[in-house]
Amino acid sequence: MINTEITTTKGIEQAQKQMEQAKNRLAMEKKKANEERRKRENHHKYMMGGVIHKYFPECYCFEESEIDEIIRVAFRTGEVQKTISGIKARANQVLSSPAESEVKAGEFESNESR
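Residues numbered from 1 in each chain as written. Predicted model: local features only at pLDDT ≥ 70, side-chain atom pairs only at ≥ 80, totals over all residues. Heavy atoms only, no water.

### Regarding the overall build of the chain
Consideration 1: Tallying secondary structure elements over the chain gives four helices and zero strands in all.
Consideration 2: The N-to-C order of helical and strand elements in the chain reads α-α-α-α.
Consideration 3: Within the chain, buried positions represent 4% of all 114 residues.
Consideration 4: Of the roughly 10800 Å² of accessible surface on the chain, a fraction of 58% belongs to carbon and sulfur atoms. (Helix = DSSP H or I, 4+ residues; strand = E, 2+ residues; numbered from the N terminus. Buried < 20%, exposed > 50% of the residue type's maximum accessible area, 1.4 Å probe, protein only. Areas by Shrake-Rupley, 256 points an atom, 1.4 Å probe, with all protein chains shown as cover.)

Okay, here's the thing in structure tokens:
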């Protein structure tokens, strides 16, 4: 009679052990990346809250829906839209030609200090 049982060898056992270790390393790296992402997101949220409080210290007197309404109206104003467009244009300029924008930024800083 032929033995049809699968026997494990040292090589198979070692390969399985390495596979489990690789799975664990992958899980740890994913966990670390997720923690870093969460840390960046939380920092950004704290920064945004700090900016709101800096320019709108009474914000603690309002409920979330009221603050939402205030900010929605404020962001619709022409002056805010113009400022946002200007910042986006500067960001696009930096992305398209970094060396050129650094020179222009340096010129702007030296003109400001005069």
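Still to come is the rest of the account.
### Quick notes on the confidence of the model for the chain
Parts of the model with low pLDDT should not have their predicted coordinates read in detail.
Consideration 1: Looking at the chain, pLDDT values average 85 and 79% of them are 70 or higher.
Consideration 2: Mean pLDDT in the chain bottoms out at helix α4 (residues 98-112), which sits at 52, and peaks at helix α1 (residues 10-55), which reaches 95. (pLDDT = per-residue confidence, 0-100.)

### Brief notes about the state of the cysteines
Consideration 1: This model, assessed by the stated rule, comprises zero disulfides.
Consideration 2: The thiol sulfur of C59 is not disulfide-bonded, and the nearest other cysteine sulfur, from C61, lies at 8.1 Å.
Consideration 3: For C59, a relative accessible area of 8% translates into the label buried. (Disulfide = S-S within 2.5 Å.)

### Some remarks on the packing of helix α2 (residues 64-76) against helix α3 (residues 78-96)
Consideration 1: Contact geometry for α2 and α3: axes closest at 5 Å, N-to-C directions at 70°. With respect to α3, the axis of α2 lies roughly perpendicular. Contacts from A74, F75 and R76 of α2 reach α3 at G78, V80, Q81 and I84.
Consideration 2: Taken together, the residues of the contact of α2 with α3 break down into four nonpolar, two polar and one charged. (Axes fitted to C-alpha atoms, helices over the stretch in contact; angles between N-to-C directions. Parallel < 35°, antiparallel > 145°, perpendicular 65-115°, else oblique. Contact = heavy atoms within 4.5 Å. Nonpolar A, V, L, I, M, F, W, Y, C, P; charged D, E, K, R; others polar.)

### Focus on the packing of aromatic side chains
Consideration 1: Following the criterion strictly, the structure yields one aromatic pair and no others.
Consideration 2: A ring pair is formed by F56 and F62, whose centres lie 5.5 Å apart and whose planes are at 25°; its orientation type is stacked.
Consideration 3: Overall, F62 belongs to the partly exposed group, its relative accessible area being 34%. (Phe/Tyr/Trp six-rings, centres within 6.5 Å; stacked < 30°, edge-to-face > 60°.)

### Here we look at the layout of surface pockets
Consideration 1: Taken as a whole, the largest pocket holds about 350 Å³ of empty space.
Consideration 2: Residue lining of the largest pocket: H44, M47, M48, G49, V51, I52, Y55, F56, I70, I71, A74 and F75, and that is the complete set.
Consideration 3: Secondary structure elements with two or more residues in the lining of the largest pocket: α1 and α2.
Consideration 4: Looking at the lining of the largest pocket residue by residue, the class counts come to 10 nonpolar, two polar and no charged. (1 Å grid on protein atoms, 1.4 Å probe; cavity = no way out; pocket = protein on both sides within 12 Å on 5 of 7 lines; lining within 4 Å. Points joined across faces, edges and corners; volume = space filled by probe spheres on them.)

### Brief notes about a nonpolar patch on the surface
Consideration 1: Side chains of M47, M48, V51 and Y55 sit close together on the surface and give an oily, nonpolar patch of about 420 Å² of accessible area.
Consideration 2: Locating V51 in the fold gives a position in helix α1. (Patch = residues over 30% accessible without salt bridge, like charges linked within 9 Å, V, L, I, M, F, W, Y side chains within 5 Å. Salt bridge = Lys/Arg side-chain N within 4 Å of Asp/Glu carboxyl O.)

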